[in-house]
2 protein chains.
Amino acid sequence: MRLFPRTTAWLVLAAPLLTAPAAAQDSGGAQKIDDAQLIERANELFDPIPTDPPELDGNTVTPERVKLGRMLFFDPRLSASHAISCNSCHQMGLGGDDNQPTSIGHGWQRGPRNAPTVFNAVFNSAQFWDGRAEDLEQQAKGPVQASVEMANTPDRAVATLSSMPGYVEQFEAAFPQAEDPVTFDNMAKALEAFQATLLTPNSRFDLYLKGHENALSAKQKRGLEEFMSTGCVGCHNGVNLGGQGYYPFGLIEKPGAEVLPRDDKGRFQVTKTASDNYVFRAAPLRNVAITQPYFHSGKVWSLETAVSLMGISQLGQELSEEEVEEITAFLRSLTGDQPRVEYPVLPESTDATPLPVEFEESPAKR
Amino acid sequence: MRLFPRTTAWLVLAAPLLTAPAAAQDSGGAQKIDDAQLIERANELFDPIPTDPPELDGNTVTPERVKLGRMLFFDPRLSASHAISCNSCHQMGLGGDDNQPTSIGHGWQRGPRNAPTVFNAVFNSAQFWDGRAEDLEQQAKGPVQASVEMANTPDRAVATLSSMPGYVEQFEAAFPQAEDPVTFDNMAKALEAFQATLLTPNSRFDLYLKGHENALSAKQKRGLEEFMSTGCVGCHNGVNLGGQGYYPFGLIEKPGAEVLPRDDKGRFQVTKTASDNYVFRAAPLRNVAITQPYFHSGKVWSLETAVSLMGISQLGQELSEEEVEEITAFLRSLTGDQPRVEYPVLPESTDATPLPVEFEESPAKR
């Protein structure tokens, strides 16, 4: 298992990558944009979200795994309390996250970092803000066990799933070769397969990438141009406009402790390497307009404020109000078609299903 | 508004209604069952769940209201924390409730009574365990405001909905005659319209009622016969097998304080009438096998235990183990087709959307 999939190679990216402007423009912004040239440049840096899931490493997106994964994703009985499911913090109707600074978990505890969206997450090179999970399969095992999230144990999760014939059947169908299909690993595989289908294609930006010149407004095109020329694209590139590399938050100037709490050292907590102090995975920007609040601390609610702050902390530039507005307008073009998900009918509990932990020791009157 | 829609007329129903057996049987239970006669008798007491929503009093089930109601049902931003939605306690995948003794609400508080299922709830003569809401429209306003549930205020809920163009459009479409469509009342109407579609037709029992003699097993038929002849049907009749009248829990013998906590006086808290002490609305039994734990206290997890306890407390009879098993088998035939619900894509928050209360006073960096 490759837990640290990428070296932390941020230094080469510190300076703006691209400086050639796509079209002659001044601050008036009224100049003609050369769409063909802008689209060509953009296609060198970004890719549209596909409509179909990608191939997974060590897992297969079969209809049976997706179906099982969908059930697991919505099942609160995977948590110690039987009250929290994956969907509690990664809601299908809210852009794949919960629009909370940090999520509310077991016992109403707040987690330490903002919940990232699960939409398109399969395209990130690693999962979590510090990249501590190589893929969504490894990632899925975290929240189920985290004491501030679902607070469960692998054993209890497997006992819960094994207690329901409805689940056992689904695991058998999803893992037909397995001698013992109901395992914590297979739970994670099914969750990964389901999440690999949570894609948001057809954003305005993707239509533009594909050559539809009218898919973006003039303002959004100027924003795209600035997004590239100011250097945002140094970290935010690829299909997810981020989610690929690790960079210090405050490369040029550290934000205040309110936005960058000094006790969360980010990737340093994974690698124990001094150069990884306050290093985080660059946030993927797909659907960013609907996944506020922003940053790992979730302390900034406005996209404009977030863009402005990034200019200062990462690029050492005070972006003008107009630039912030244009870049933000561009970022709003990254909202794609949201996944249409049917709420799964979950298997019935049985007398063998463990009760919520709070009631485990009580005379249950079974 | 008619807040107390039904007089508390339980006394006339205290004795078993029906004593004529459907077929000659003894405890061996091996006798031939006269299906035609049993079906005829059952049809006098019960009705199948229809596939279409009923007419509502003062509301109309239009596609626009159902669509809006579905969005509202799944939207956690109707709660003070932005973390709790209707679906948190009335989950579409778990029989329309949460399989908790009592629900976990704002600040991880436990509510005072077991969350009833929303499936088929439109057929109940009144809502809540004490019938304090006349219908689902009135009911919908309760949990949004209850301090142990969603802990919101009508004003903040309306401000939240009004802040999102996506919602304003939906309200306009759902209430085309209204001058001011985004109101707390219309929110409740839309929620009622959506819930009126949450029906579970085609249970084995309903097929039997419609003349399919093989829809129930012999054991289930004996259970149905006993359900009628022992007197369960006195309170549990009609389309929902309950949900129509009010009866003292412990009509014959009060259960222990563990199951019937002495500080919850039930309908007395609504009517302040001494005869309503420990009086509750008879639980509707549709999908009862998947909506454990049982009773207003949610203290009993096993359907067998619940049936046995009802025999003693309501009928003054110690049901034999065989009778309990047969009645339970019958009750398991009440699980119908579960609603297929597409998870709604919710409108985007805007800068005007109130933040979760915890963050309302903080410098939000908007």
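Residues numbered from 1 in each chain as written. Chains lettered and ligands numbered in written order. Predicted model: local features only at pLDDT ≥ 70, side-chain atom pairs only at ≥ 80, totals over all residues. Heavy atoms only, no water.

Focus on the side chain of S203 of chain A
Residues and elements named next belong to chain A. With respect to the secondary-structure elements, S203 resides in the loop between α7 (184-195) and α8 (204-209). Residue classification places S203 among the buried positions, given a relative accessible area of 0%. Side-chain polar atoms of S203 contact the side chain of R286, separated by 3.4 Å. (Helix = DSSP H or I, 4+ residues; strand = E, 2+ residues; numbered from the N terminus. Buried < 20%, exposed > 50% of the residue type's maximum accessible area, 1.4 Å probe, protein only. Polar contact = N/O pair within 3.5 Å; in protein donor to acceptor, adjacent residues only side chain to side chain.)

Here we look at the confidence of the model for chain A
Residue and element names in this part refer to chain A. In this model, chain A carries an average pLDDT of 91, and 90% of its residues clear a pLDDT of 70 or more. In this model, residues 1-29 is a region of pLDDT below 50 whose contacts with residues beyond four sequence positions or in other chains number 62 contacts. In the predicted complex, the global pTM is 0.92; the interface-specific ipTM is 0.91. (pLDDT = per-residue confidence, 0-100. Contact = heavy atoms within 4.5 Å.)

Brief notes about the relation of the copies chain A and chain B
Of the transformation placing chain A onto chain B, the axial shift is 0.0 Å and the rotation is 180°, giving an RMSD of 0.0 Å. In the structure described here, the two chain copies are related by an operation that fits a two-fold rotation axis. The position closest to the rotation axis in chain A is occupied by the C-alpha of E342 of chain A, lying 2.1 Å away. (Least-squares fit on C-alpha atoms with pLDDT ≥ 70 in both.)

Considering the nonpolar core
In this structure, L72 and M92 of chain A together with L72 and M92 of chain B are the most contacted members of the largest nonpolar core, which totals 73 residues. Each residue touching M92 of chain B, except ones within four places of it in the same chain, is listed here: Y343 of chain A together with F73, F74, N87, V118, F119, F194, L198 and V341 of chain B. (Core = buried A, V, L, I, M, F, W, Y, C linked by side-chain atoms within 4.5 Å.)

Examining the environment of L346 of chain A
Position of L346 of chain A relative to the elements: it lies in the loop between α12 (321-332) and α13 (357-360). Separated by 67 residues in the primary sequence, L346 of chain A and V279 of chain A have C-alpha atoms spaced 40 Å apart. Non-local contacts of L346 of chain A, meaning those with residues more than four positions away in its chain, are made with M71, F74, D75, P76, R77 and Y167 of chain A together with G93 and L94 of chain B.

Digging into the packing of helix α1 (residues 35-45) of chain B against helix α9 (residues 218-229) of chain B
Residues and elements named next belong to chain B. Put simply, α1 and α9 touch, their axes get as near as 11 Å, and they point 45° apart. One element, α1, and the other, α9, form an angle in the oblique class. Seen along the crossing, α1 lies across α9 with a hand that is left-handed. Contacts between α1 and α9 pair D35, L38, R41, A42 and L45 from the former with K221, L224, E225 and M228 from the latter. Taken together, the residues of the contact of α1 with α9 sort by class into five nonpolar, no polar and four charged. (Axes fitted to C-alpha atoms, helices over the stretch in contact; angles between N-to-C directions. Parallel < 35°, antiparallel > 145°, perpendicular 65-115°, else oblique. Left-handed = near helix turned anticlockwise from the far one by under 90°. Nonpolar A, V, L, I, M, F, W, Y, C, P; charged D, E, K, R; others polar.)

Focus on the packing of aromatic side chains
The full count for this structure, using the stated rule, is 25 aromatic pairs over all chains. Each ring, one from Y167 of chain A and one from F171 of chain A, has its centre 6.5 Å from the other, and the planes form 55°; the classification is tilted. Remark: F171 of chain A and Y167 of chain A occur in helix α6 (residues 165-174); sequence separation between them is four residues, near one turn of the helix. Like Y167 of chain A, the residue F171 of chain A is buried in the burial classification. With a centroid separation of 4.6 Å and an interplanar angle of 45°, the aromatic rings of F74 of chain B and Y343 of chain B are classed as tilted. With F74 of chain B in helix α2 (residues 63-74) and Y343 of chain B in the loop between α12 (321-332) and α13 (357-360), this residue pair connects regions lying 269 residues apart in the sequence. According to the relative accessible area criterion, F74 of chain B is buried, its value standing at 1%. By relative accessible area, which is 3% here, Y343 of chain B ends up buried. Through a chain of ring-to-ring contacts, three or more aromatic side chains come together here, namely F73, F74, F194 and Y343 of chain A together with F73, F74, F194 and Y343 of chain B. Here the guanidinium or amino end of R132 of chain B rests over the ring plane of F128 of chain B, the centre of that ring lying 3.7 Å away. Here the basic side chain of R267 of chain B rests over the ring of Y246 of chain B, its NZ or CZ set 3.9 Å away from the ring centre. (Phe/Tyr/Trp six-rings, centres within 6.5 Å; stacked < 30°, edge-to-face > 60°. Lys NZ or Arg CZ within 6 Å of the ring centre and 35° of its normal.)

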